[in-house]
Amino acid sequence: MAPHNFAKLDTACVPTPCHVLDLARLEHNLQILKRVGDEAGVSVLLALKAFSCFAVSDLVMKYLSGTAASGLYEARLGRTRFGGDVHAYAPGLKDADIDELLDCSDHLILNSLQQWGRFRSRIEAHGGVETGLRVNPMHSEVENPLYDPCASWSRLGAPANQVTAADLEGLSGIHVHALCDHPYDAFDRMLSAVEARCAHLFGSVEWINLGGGLLITDDGFPLERFIERLAGFRERTGLKVYIEPGTAVALHAGALVSQVLDRFDYGAPLAVMDTSATCHMPDVIEAPFTPDLLGATALPRNTAMDAVDAHVIRLGGPTCLAGDIIGTYRFEMPPQVGDRLVFLDLAYYTMVKATTFNGMPLPSLALWDSRTDALEVVKSFGYADFEGRL
Ligand SMILES: Cc1ncc(COP(=O)(O)O)c(C=O)c1O
């Protein structure tokens, strides 16, 4: 299967800006994840922090066991809009939220032993919720410290060497998460680190959640090796195993369609789009990275713009932020005002992070089935959405 199907999309069918989700690619990803779950004997949860579009919850829940939530609101979304098991974890828990969080969750993972001590009696009084501890396996694979849960002095989980088996009394599981957009080899190394550093805890718990951060649904991912590795780990340890991918669920399944509002050359060829990096794709600035664009090649973000040819254009958003730059691209056919451009792979960590800074409208949402070309705009946002949160 091609990495994405958006070359076939008739962009005239959607308002702009608009997130378009390809149901075919989404289902393809979900089928892969279900295969991993079935063949490795593990449960696969959707990490809602990455992708929580409940317009496709029926499709997601046809294949996955439930959701992984980052706190009360996502747990409630998981419970009410998705179904299946809800596994909640947050670095900080609020006293005022705990009862409702327990009502919405099947598993609650505490970030520290201190947190466990503080909330234990309330959790036990509530009953019906399995509890675990997030453990930092102290194994870094992520180069950018912004995304490395195991960087020095991390607040994410109790360091494995500071947790004893006795500390886990009353808890039934442990949770580790150390990856971000990684291929299989990084998972293999991480799991070896978990096996080495957390082995003293395995006998005290029934389950382990191995987190997300792995590009399981990417083309070329060695599924058989992954399945074998997971199954071997499960058999050796006797633990029930969960994984909670986010990115892998929506990989290559989402695009952001945008329109060129203006073009000019003030010493550099520039275009202003009706979508904004800072509002609609904040990771572009945070990470930073340049999203792929259909029909164009992304150039480095620091490309010097004074000597480029007529096929190179820097695209920016319509906000007043000087750095609201989506990227610099070499086009086969430089776009004109009114043309629609398709930014690729902007579903995960984009829909969930959008803001209305500068009064920017939020992108609409369309569901598109690239197998049949059926397309439906299922959500549009207006002034009330902007005003309602101010
Ligand atoms: C605890 C935890 N689980 C799962 C995920 C999902 O990761 P990804 O979307 O990269 O698969 C994250 C991402 O930050 C996470 O922090």
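Conventions used here
- Residues numbered from 1 in each chain as written.
- Predicted model: local features only at pLDDT ≥ 70, side-chain atom pairs only at ≥ 80, totals over all residues.
- Heavy atoms only, no water.
- Pairing = 2+ DSSP bridges.
- Helix = DSSP H or I, 4+ residues; strand = E, 2+ residues; numbered from the N terminus.
- Right-handed = clockwise from strand over helix to strand, strands pointing away.
- Domains from an automatic or database assignment.
- Contact = heavy atoms within 4.5 Å.
- Buried area = accessible area lost by both parts, 1.4 Å probe.
- Salt bridge = Lys/Arg side-chain N within 4 Å of Asp/Glu carboxyl O.
- Polar contact = N/O pair within 3.5 Å; in protein donor to acceptor, adjacent residues only side chain to side chain.
- Phe/Tyr/Trp six-rings, centres within 6.5 Å; stacked < 30°, edge-to-face > 60°.
- Buried < 20%, exposed > 50% of the residue type's maximum accessible area, 1.4 Å probe, protein only.
- Expected span 1.5 Å × (residues − 1).
- Near = heavy atom within 4 Å.
- Areas by Shrake-Rupley, 256 points an atom, 1.4 Å probe, with all protein chains shown as cover.
- 1 Å grid on protein atoms, 1.4 Å probe; cavity = no way out; pocket = protein on both sides within 12 Å on 5 of 7 lines; lining within 4 Å.
- Sits in = over half its atoms within 2 Å of the grid points.
- UniProt positions renumbered as here; feature names shortened; annotations may be inferred.

## Considering the pairing of strand 10 (residues 240-243)
In step 1: Alignment of strand 2 (residues 43-47) against strand 10, held across two bridges, turns out to be parallel. Within strand 10, the residue paired with Ser 43 across the bridge is Tyr 242.
In step 2: As paired strands, strand 9 (residues 207-209) and strand 10 are joined by three bridges and run parallel to one another. Within strand 10, the position partnered with Ile 208 by the bridge is Val 241.
In step 3: With helix 8 (residues 223-237) bridging strand 9 and the parallel strand 10, this β-α-β connection has right-handed handedness.

## Examining the domain arrangement of the chain
In step 1: Segmentation of the chain into domains returns domain 1 (6-19 + 254-346 + 354-388) and domain 2 (41-250).
In step 2: For domain 1 versus domain 2, the distance between C-alpha centres works out to 33 Å.
In step 3: Taken together, the contact between domain 1 and domain 2 spans nine residues of the former and eight residues of the latter.
In step 4: For the pair domain 1 and domain 2, the summed buried area comes to about 500 Å², and 56% of that belongs to carbon and sulfur atoms.
In step 5: For the domain 1 face of the interface with domain 2, the top three residues by lost area are Glu 286, Ala 287 and Leu 367, together amounting to 54%.
In step 6: If you look at where domain 1 meets domain 2, you find zero salt bridges.
In step 7: Across the domain 1-domain 2 interface, the total number found is one residue pair in polar contact (both at pLDDT 80 or more).
In step 8: Listed by contribution, the elements that provide at least two residues to the side of domain 1 that touches domain 2 are helix 11 (283-286), strand 17 (364-369) and strand 18 (374-379).

## Here we look at the packing of aromatic side chains
In step 1: Going through the model one piece at a time under the given rule, you end up with twelve aromatic pairs.
In step 2: Between Trp 207 and Tyr 242, the aromatic rings sit 5.9 Å apart at their centres with planes inclined by 90°, giving edge-to-face as the arrangement. Of this pair, Trp 207 sits in strand 9 while Tyr 242 sits in strand 10, and the two are 35 residues apart along the sequence. Each member of the pair Trp 207 and Tyr 242 is classed as buried.
In step 3: Pairing Phe 221 with Phe 226 gives two aromatic rings, centres 5.4 Å apart and planes at 85°, and the pair type is edge-to-face. We note that Phe 221, like Phe 226, is buried.
In step 4: Within the aromatic cluster, the residues linked to one another by ring pairs are Tyr 184, Phe 187, Phe 221 and Phe 226.

## Some points on helix 8
In step 1: Taking 1.5 Å per residue as the helical rise, helix 8 with its 15 residues ought to reach 21 Å, and the 21 Å between its terminal C-alpha atoms agrees with that figure.
In step 2: Within the span of helix 8, buried status applies to Leu 223, Phe 226, Ile 227, Arg 229, Leu 230, Ala 231, Gly 232 and Phe 233.
In step 3: Backbone geometry just after helix 8 places Gly 238 at a positive phi near 75°.

## Thoughts on the site of the ligand
In step 1: Lining the immediate environment of the ligand, one finds 13 residues, of which Gly 213, Glu 244, Gly 246, Thr 247 and Tyr 349 sit closest.
In step 2: The backbone of Gly 246 places a nitrogen or oxygen atom 2.9 Å from an oxygen atom of the ligand.
In step 3: Within the side chain of Tyr 349, one N or O atom sits 2.7 Å away from an oxygen atom of the ligand.
In step 4: Burial of the ligand by the protein amounts to 87% of the accessible area it has alone, namely 390 Å².
In step 5: More than half of the atoms belonging to the ligand lie within 2 Å of the grid points that define the largest pocket.

## Comments concerning the UniProt feature "binding site: substrate" (unreviewed entry) in the chain
In step 1: UniProt tags Asp 283 as "binding site: substrate" (unreviewed entry).
In step 2: On the secondary structure map, Asp 283 appears in helix 11.
In step 3: Judged by its relative accessible area of 12%, Asp 283 falls in the buried class.
In step 4: Beyond its immediate stretch of four places on either side in the chain, Asp 283 contacts Tyr 147, Pro 288, Phe 289, Tyr 349 and Lys 353.

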